[in-house]
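Read off the chains here:
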Amino acid sequence: MQGKLIVFEGVEGSGKTTQLQRSQAWLLDSLYKPLQAQGYISHLVVTRQPGGTELGQSIRQLLLHPTQSPIQDRAELLLYAADRAQHVEELLKPQLEQGALILCDRYTDSTVAYQGYGRGLDLNLIDQLNQVATGGLDSNLTLWFDLDVEQGLARTRLRGSADRIEQDSLAFHQRVQQGFRELASAHPNRIVRIDASHSETEVSEQVQAVLQQWLMQWYPALLRHS
Ligand code: T5A
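Calculation criteria
Residues numbered from 1 in each chain as written. Predicted model: local features only at pLDDT ≥ 70, side-chain atom pairs only at ≥ 80, totals over all residues. Heavy atoms only, no water. Helix = DSSP H or I, 4+ residues; strand = E, 2+ residues; numbered from the N terminus. Contact = heavy atoms within 4.5 Å. Core = buried A, V, L, I, M, F, W, Y, C linked by side-chain atoms within 4.5 Å. Buried < 20%, exposed > 50% of the residue type's maximum accessible area, 1.4 Å probe, protein only. Near = heavy atom within 4 Å. Polar contact = N/O pair within 3.5 Å; in protein donor to acceptor, adjacent residues only side chain to side chain. Areas by Shrake-Rupley, 256 points an atom, 1.4 Å probe, with all protein chains shown as cover. Nonpolar A, V, L, I, M, F, W, Y, C, P; charged D, E, K, R; others polar. Expected span 1.5 Å × (residues − 1). Salt bridge = Lys/Arg side-chain N within 4 Å of Asp/Glu carboxyl O. Pairing = 2+ DSSP bridges. Axes fitted to C-alpha atoms, helices over the stretch in contact; angles between N-to-C directions.

The topology assignment puts Q57 in helix α3 (residues 54-64). It is 21 Å that separates the C-alpha atoms of Q57 and L96, two residues lying 39 residues apart in sequence. Contacts of Q57, omitting those with residues within four sequence positions, involve R48 and G51.

Here's what the structure looks like:
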């Protein structure tokens, strides 16, 4: 049994973490039992980058804590790559081999969008580094939560404190958004756009429709059992 990796991506405050949690609850209530009973998946895993492992938690702290000493762009890139390499080897690959359905908050596209488009680092170098860090493990499906940058930042401000990257300039976040836009048009076979400008419930409905469609495509016999 080989599992599937579903990734949630988007700019700050796009609502992907909220939707990942809602998707987990929805799957557990609906398709999880038939998926498991029919032997398609072994279990459900929820994780994130950075910070999906113990080492990753320490790297996440270094990356996101609003620090006095600036982190150089290439150092930032390598820290995200180190978190990813650990996460893939320690958690993602073994869990997929066991047949897990994995919901992951951010993955390689975030590095392309933030460190590539946002910081202006070389996109070929980032592709190579992503390849090294993942050992070639791509997502099976990526949901891109498309939301106007200012709307997303306004949502995060309502929460109070802002982390190191959230504190960056509006122009930086707009370049990140452009990165996600270009990734989505370059990889239509893997990335599905979700209009994240609606209410939580309306966005969940879009997400559930996409998940249902992709799960049925991966496991056609599921239709008869759901
Ligand atoms: N990063 C990450 C890189 O630079 N390179 C990389 O390679 C990787 C992997 C991660 C940071 O690291 C950067 C990107 C990030 O800056 P994080 O804490 O994981 O840090 O930050 P985010 O992933 O951006 O998480 P956020 O919590 O800030 O944003 P989300 O997940 O998009 O949004 P969410 O769901 O937490 O919602 C934000 C707020 O909006 C409300 C929620 O209640 C919450 O208060 N909300 C809505 N409000 C109105 N309408 C809706 N539909 C709403 N949905 C949610």
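Past the structure itself, the notes keep going.
So, on to the nonpolar core. If you look at the biggest cluster of nonpolar residues, it comprises 31 residues, and the most contacted ones within it are L35, L141, L143 and L215. Those elements that provide at least two residues to this core are β1 (4-10), α1 (16-29), α2 (32-37), β3 (101-105), β4 (141-146), β5 (191-195) and α9 (200-218). If one sorts the elements of this core by residue count, α9 sits on top with 8 residues. L141 has contacts with L5, I6, V7, R190, V192, V210, L211, W214 and W218, leaving out every residue within four places of it along the chain. If you look at the next biggest cluster of nonpolar residues, it comprises 23 residues, including W144, V149, V176 and F180.

So, about the site of the ligand. Looking at the ligand, there are 26 residues lining it, with K16, T17, T18, R60 and T111 nearest. Contacts to the ligand include R155, whose side-chain N or O atom sits 3.3 Å from a nitrogen atom. Burial of the ligand by the protein amounts to 85% of the accessible area it has alone, namely 1000 Å². Where the shell around the ligand is concerned, the elements lending two or more residues are α1, α3, α4 (73-97), α5 (108-118) and α7 (149-158). Sort the elements by how many residues they give to the shell around the ligand and α5 lands first, with 4 residues. Taken together, the residues that form the shell around the ligand break down as 5 nonpolar, 12 polar and 9 charged.

Helix length check: α9, at 19 residues, gives a terminal C-alpha distance of 27 Å against a target of 27 Å (1.5 Å per residue), a fit within 8%. Within α9, burial applies to V203, S204, V207, V210, L211, W214, L215, M216 and W218.

Here we take up the pattern of salt bridges. Here the structure, examined in full by the defined rule, presents 11 salt bridges. We note a salt bridge from K16 to D105, for which the minimum N-O separation is 2.8 Å. One end of the pair, K16, is in helix α1; the other, D105, is in strand β3, with 89 residues separating them in the sequence. Between K93 and E89 there is a salt bridge, with the nearest N and O atoms lying 3.4 Å from each other. Taken together, the residues K93 and E89, both in helix α4 and 4 residues apart, mark about one turn of the helix. Of the residues examined, K93 reaches a relative accessible area of 23% and is grouped as partly exposed.

Spatially, the 5 strands line up as an open sheet ordered β2-β3-β1-β4-β5, and their pairing is parallel. Single-partner strands in this sheet number two, and they are β2 (44-48) and β5. Geometrically, the sheet is characterised by an average inter-axis angle of 20 degrees between neighbouring strands, direction not taken into account. Inspection of the sheet shows β2 paired to β3 by 5 bridges, in the parallel sense. What sits directly across from L44, in β3, is L101. On the sheet, α9 packs against β1, β3, β4 and β5 and is oriented at approximately 165 degrees with respect to β4.

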